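# Structural description and commentary
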Amino acid sequence: MTGEISFVELGVTDPDRARTFYGALLGWSFGPGSGEGGGYEVRTPNVPGGIHGGDTGAGPYVFFRVDDMSAALARVVELGGRVDDFDLEQDDASTARFGRFTFCHDDQGSPFGLHQPPAARPPDGTG
């Protein structure tokens, strides 16, 4: 459903250390992530997430689900917000697995992210 929290990303300096900490604290399990700087897919009971490295001083990133990224980004600008010009280094394989992500700021400067989940795959794994 559009507008729900659909992904949480933790930016950290050391993703292995974060995996140990959050795994022990919250009982999360992890899978291989994507992108440079190392990282992990976070498997929580409800909202999927990730951990990426090389991000000193960062905090959690909250992403809200949208069905059409292009339309949502145009609406952000129309409402006085800002779309960040930050390359998330999303390749085709990562986009197919995790979807599209874009960082934005609202009309008061508060950061947030938009997430368009990947297209559903047919049960036979084709497409």
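Here goes a summary of the coordinates provided. (Residues numbered from 1 in each chain as written. Predicted model: local features only at pLDDT ≥ 70, side-chain atom pairs only at ≥ 80, totals over all residues. Heavy atoms only, no water.)

## Quick word on helix 2 (residues 69-78)
For helix 2, the full list of buried residues reads Met 69, Ala 72, Leu 73 and Val 76. Angularly, the buried residues of helix 2 cover 100° about the axis, an arc narrow enough to put them on a single face. On the buried face of helix 2, the contacting elements are strand 6 (82-83), strand 7 (100-105) and strand 8 (111-116). Where helix 2 begins, one side-chain oxygen reaches toward the backbone nitrogen of Ser 70, 3.1 Å away; that side chain belongs to Asp 68. Taken from the residues just after helix 2, Gly 80 is the one with a positive phi, measuring 95°. (Buried < 20%, exposed > 50% of the residue type's maximum accessible area, 1.4 Å probe, protein only. Helix = DSSP H or I, 4+ residues; strand = E, 2+ residues; numbered from the N terminus. Arc of directions from axis to C-beta. Contact = heavy atoms within 4.5 Å. Polar contact = N/O pair within 3.5 Å; in protein donor to acceptor, adjacent residues only side chain to side chain.)

## Brief notes about helix 1 (residues 15-26)
Residues spaced three or four apart along an α-helix face the same direction, because each turn holds 3.6 residues. Taking 1.5 Å per residue, twelve residues should reach 16 Å; helix 1 reaches 16 Å between its end C-alpha atoms and fits that length. Measuring from the backbone nitrogen of Asp 16 back to the side-chain oxygen at the start of helix 1 gives 3.0 Å, which picks out Asp 14 as the cap. (Expected span 1.5 Å × (residues − 1).)

## Remarks on the pattern of salt bridges
If you walk through the whole model with that rule in mind, you get five salt bridges. One salt bridge connects Arg 75 with Glu 78, and the closest N-O pair in it is separated by 2.4 Å. Note that Arg 75 and Glu 78 are positioned in helix 2 at a spacing of three residues, about one turn of the helix. Here Arg 82 makes a salt bridge to Asp 84, at a shortest N to O gap of 3.7 Å. For Arg 82, a relative accessible area of 46% corresponds to the partly exposed category. Owing to a relative accessible area of 24%, Asp 84 belongs among the partly exposed residues under this scheme. (Salt bridge = Lys/Arg side-chain N within 4 Å of Asp/Glu carboxyl O.)

## Let's talk about the packing of aromatic side chains
Taken as a whole and judged by the stated rule, the model has nine aromatic pairs. With centroids separated by 5.6 Å and ring planes inclined at 35°, the aromatic side chains of Phe 63 and Phe 103 adopt a geometry described as tilted. Here Phe 63 is found in strand 5 (residues 60-65), whereas its partner Phe 103 is found in strand 7, with 40 residues between them in sequence. Where Phe 64 meets Phe 112, the ring centres are 6.4 Å apart and the plane angle is 55°; that geometry is what we call tilted. Here Phe 64, found in strand 5, pairs with Phe 112, found in strand 8; they are 48 residues apart in sequence, far enough to count as distant. You can call Phe 64 partly exposed: its relative accessible area is 29%. Chaining the aromatic ring pairs together yields one cluster made of Phe 7, Tyr 61, Phe 63, Phe 101 and Phe 103. (Phe/Tyr/Trp six-rings, centres within 6.5 Å; stacked < 30°, edge-to-face > 60°.)

## Brief notes about the sheet that holds strand 7
What the eight strands build is an open sheet, ordered 2-3-4-1-5-8-7-6; its pairing is mixed. Strand pairing shows two members of the sheet lacking a second neighbour, strand 2 (29-32) and strand 6, which therefore form its edges. Relative to strand 7, strand 6 runs antiparallel, the two being bridged by two bridges. Bridge pairing in strand 7 links Arg 82 to His 105. (Pairing = 2+ DSSP bridges.)

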